[in-house]
Amino acid sequence: MTPENRQVAMDQLVSLCKRRGFIYQSSDIYGGVQSVYDYGPLGVELKQNLRDAWWRAMVREHDEIVGLDAGILMHPQVWVTSGHVGTFSDPLVECLNCHRRFRADELDELEAGRPDEQGCPVCGTKGKFTEPRQFNLMFKTFMGPLEDESAVAYLRPETAQGAYVNFKNVLDSSRVKVPFGIAQVGKAFRNEITPGNFIFRTREFEQMEMQYFVEPGTDEEWFETWKDRRRAWLAEIGLRDDRVRIHEHAEDKLAHYAKRAIDFEYSFPFGWNELEGVHNRTDFDLSRHQEASGKKLEYVDAPTNSRFVPFVIETAIGLNRLLLAVLSDAYHEEEVEGETRVVLRLKPSLAPTSVAVFPLVKKDGMPDMAESIVADLRQSLSVFYDAGGSIGRRYRRQDETGTPFCVTVDGQSMEDGTVTVRDRDSLSQDRVSADALRGVLQERLRGPLGE
Ligand code: ATP
């Protein structure tokens, strides 16, 4: 395996994320809470850049796709109608010896057999599993001061239902015509039986979903279109081609609402796993909501006056999972002048910091010039100023967080007004006039690897 293809070990990534302020364990000072994570200063920036990239590709670049931000709490009937109260569950088994709980379907896949014929993955005891029982993954809470059945509410397990219950609102208030889409980014909650693999599977996460409403009969073609568009986008944000593959769901494995579904799987450090799904949800959700609410959720096609309940093609990706894929993909270790350099080769436009600015030494007017460069660059770029430590150490720190450019103000800068610009990937340095710097950096960020 070449260094380019080598996978980062999960613990290296977790350690980098903590050390450099991308991701921390939640409630660390109390011993942490299992599989909940907090995003630190750089994690927040990277997450924001990924969210923005998705929003630009899915909303801003399409006349016919509009945004929505629906509430996390919805009318409880939504989840009855959607089928989540009845069927959004995983089969749970417990080992009667060590009392650890597992998803029976995951054990099956792991052990390629019935779980009770195999040993418990934790204590190894055989034949001591309980019968599988369906465990509903929705978090329940109460709305208002009464804690009784009439006050039960759920934290949404997917953002999609917000788009379905607002279908009519969007149709009546904007000038969209079928085919059109509603895109949404927001938190979702699932009481997963076996969360894990760092931020891959957590109980609280963020989804980026788009529901595309189409005329029945055109759904299969639109499914292909969105499959291709989403594959192209994953390449565009820089994920290596050989680490993305398509998994087609077998008919007997389809979700209750789906006519067809594929996953884009990514080769995570712990193996191939789902990153994004594209689903043909048919008219299942709109028809069910129409029936349960008594409100017409039809589309009237103006020229022909024909009426129909649209079919929905959904694209659904987890922002946190995407962030994990992007970090795993970007992580590289290489030998430079006899030392190991850790570098995150993030696509420059996604990097939490676009440019770091250093005065070579803290004297001779260099900090003043560096600070005025920072003030100028800040108007359009995300900038970090660092005056402490050896220049080599400052470069290494930026490499580890994926900063594409480092600008250094040195002795020559004080004489001729030029600064050095160091490139994260090629390690080349060239001199640029400080006056032209902002334009030059913007140009490079927009270059072949930039946007
Ligand atoms: P899985 O099979 O991994 O449980 P799913 O098929 O139930 O996922 P979807 O309901 O299609 O997932 O959700 C769309 C996307 O949301 C997934 O592709 C994934 O990126 C993300 N996602 C789902 N569950 C979680 C979770 N528990 N933690 C983080 N991201 C998640």
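The structure displayed is predicted, hence computed values, not measured ones.

Enquirer: Talk me through the overall build of the chain; I want residue IDs and the actual numbers.
Expert: Along its length, the chain carries 14 helices and 23 strands. When its C-alpha atoms are laid out on the principal axes, the chain stretches across 75 × 65 × 50 Å. Taking all 451 residues of the chain together, the buried fraction comes to 34%. Taking the contacts inside the chain whose residues are at least 6 apart along the sequence as the reference set, 64% of them involve residues at least 24 apart.

Enquirer: I'd like a rundown of the domain arrangement of the chain, residues and numbers included.
Expert: The domain architecture assigned to the chain consists of domain 1 (10–74 + 149–328), domain 2 (89–136) and domain 3 (346–446). The gap between the C-alpha centroids of domain 1 and domain 2 is 29 Å.

Enquirer: Would you mind going over the site of the ligand in detail, with residue names and values included?
Expert: Around the ligand, a shell composed of 16 residues is seen, among which F205, G277, A316, G318 and R321 lie nearest. Put simply, the parts of the chain that give the shell around the ligand at least two residues each are β10 (204–214), β13 (271–282), β16 (311–318) and α10 (319–330). Looking at the shell around the ligand, the element that brings in the most residues is β13, giving four residues. A breakdown of the residues in the shell around the ligand according to their chemical character gives four nonpolar, five polar and seven charged.

Enquirer: Break down the sheet that holds strand β4 (residues 89–94) for me, with residues and values.
Expert: Read across the open sheet, the three strands follow the order β5-β4-β6; overall the sheet is antiparallel. Either end of the sheet is taken by a strand with one partner, and the two such strands are β5 (101–103) and β6 (133–136). Direction aside, the axes of adjacent strands within the sheet are offset by 50° on average. By the bridge criterion, three bridges tie β4 to β5 in an arrangement that is antiparallel. Across the sheet, residue V93 finds its bridge partner in β5, namely F102.

Enquirer: Outline the environment of A356, listing residues and values.
Expert: Position of A356 relative to the elements: it lies in strand β19 (residues 355–359). Between the C-alpha atom of A356 and that of W55, which follows or precedes it by 301 residues, the distance is 27 Å. The residues touching A356, leaving out its near neighbours within four places in the chain, are F384, D386, Q398, T403 and C406.

Enquirer: Summarise the sheet that holds strand β3 (residues 65–68); cite the residues concerned and give the values.
Expert: A sheet is described by the order of its strands in space; here seven strands give the open sequence β3-β9-β10-β16-β13-β12-β11, paired in mixed fashion. Across the chains shown, the open sheet's two edge strands, defined by having one partner strand only, are β3 and β11 (244–248). Direction aside, neighbouring strands of the sheet carry axes that sit 25° apart on average. As judged from the nine bridges shared by strand β12 (residues 260–268) and β13, these two strands associate in the antiparallel manner. Paired with F268 across the bridge in β13 is G271.

Enquirer: I'd like a rundown of the nonpolar core, residues and numbers included.
Expert: In this structure, L50, L322, L323, L324, A325 and V326 are the most contacted members of the largest nonpolar core, which totals 65 residues. At eight residues, α10 tops the list of elements feeding residues into this core. Two domains each put at least three residues into this core: domain 1 (10–74 + 149–328) and domain 3 (346–446).

Enquirer: For the packing of helix α2 (residues 41–60) against α10, give the residues involved together with the corresponding values.
Expert: In the contact formed by α2 and α10, the axes pass within 10 Å of each other and the chain directions differ by 110°. Taken together, the axes of α2 and α10 lie roughly perpendicular to each other. Between α2 and α10, the contacting residues are L46, K47, L50 and R51 on the first element and L319, L322, L323 and V326 on the second. A class-by-class count of the residues in the contact of α2 with α10 yields six nonpolar, no polar and two charged.

Enquirer: Quick one: what's the story with unusual backbone geometry, residue by residue and with numbers?
Expert: Geometrically, the link from V178 to P179 is a cis peptide bond, its omega value of 5° lying close to zero. Residue placement: P179 occurs in the loop between α7 (167–173) and β9 (180–189). Even without a glycine there, the phi angle at N197 is positive, about 55°. The topology assignment puts N197 in the loop between β9 and β10. Classification of N197 as partly exposed rests on a count of 17 C-beta atoms within 10 Å. A positive phi is found at E337, a non-glycine position, where the angle reads about 45°. Mapped onto the elements of the fold, E337 is located in the loop between β17 (331–336) and β18 (339–344). Given 7 C-beta atoms within 10 Å, E337 falls into the exposed group.

Calculation criteria
- Along each chain, residue indices are assigned from 1 in the same order as the chain's sequence is written.
- Local features in this predicted model are restricted to residues whose pLDDT is 70 or higher, and side-chain atom pairs enter the listing and the counts only when it is 80 or higher, whereas totals over whole chains, interfaces and linings include all residues.
- Per the convention used, a helix needs a DSSP run of H or I reaching at least four residues, while a strand needs a run of E reaching at least two, with both numbered from the N terminus.
- Working definition of burial: number of other C-beta atoms within 10 Å of the residue's own, with buried at 20 or more, exposed at 12 or fewer, and partly exposed in between, all C-beta atoms being placed from the backbone.
- Any pair of residues counts as being in contact when their C-beta atoms, constructed from backbone geometry, are within 7 Å of one another.
- Residue ranges assigned to the domains are those given by an automatic or database domain assignment.
- Contact assignment follows one rule, namely that a residue is near a molecule or strand if its backbone-placed C-beta atom lies within 6 Å of it.
- Classes in brief: Ala, Val, Leu, Ile, Met, Phe, Trp, Tyr, Cys and Pro nonpolar; Asp, Glu, Lys and Arg charged; the others, Gly included, polar.
- Note on pairing: two strands pair once DSSP finds at least 2 bridges between them.
- Every axis in this analysis is a line fitted to C-alpha atoms, fitted for helices over the stretch in contact. Angles between the N-to-C directions lie between 0 and 180 degrees.
- Joined through C-beta atoms within 7 Å, a set of buried Ala, Val, Leu, Ile, Met, Phe, Trp, Tyr and Cys residues constitutes a nonpolar core.
- If an angle is under 35 degrees, it is roughly parallel; if it is over 145, roughly antiparallel; if it lies from 65 to 115, roughly perpendicular; otherwise it is oblique.

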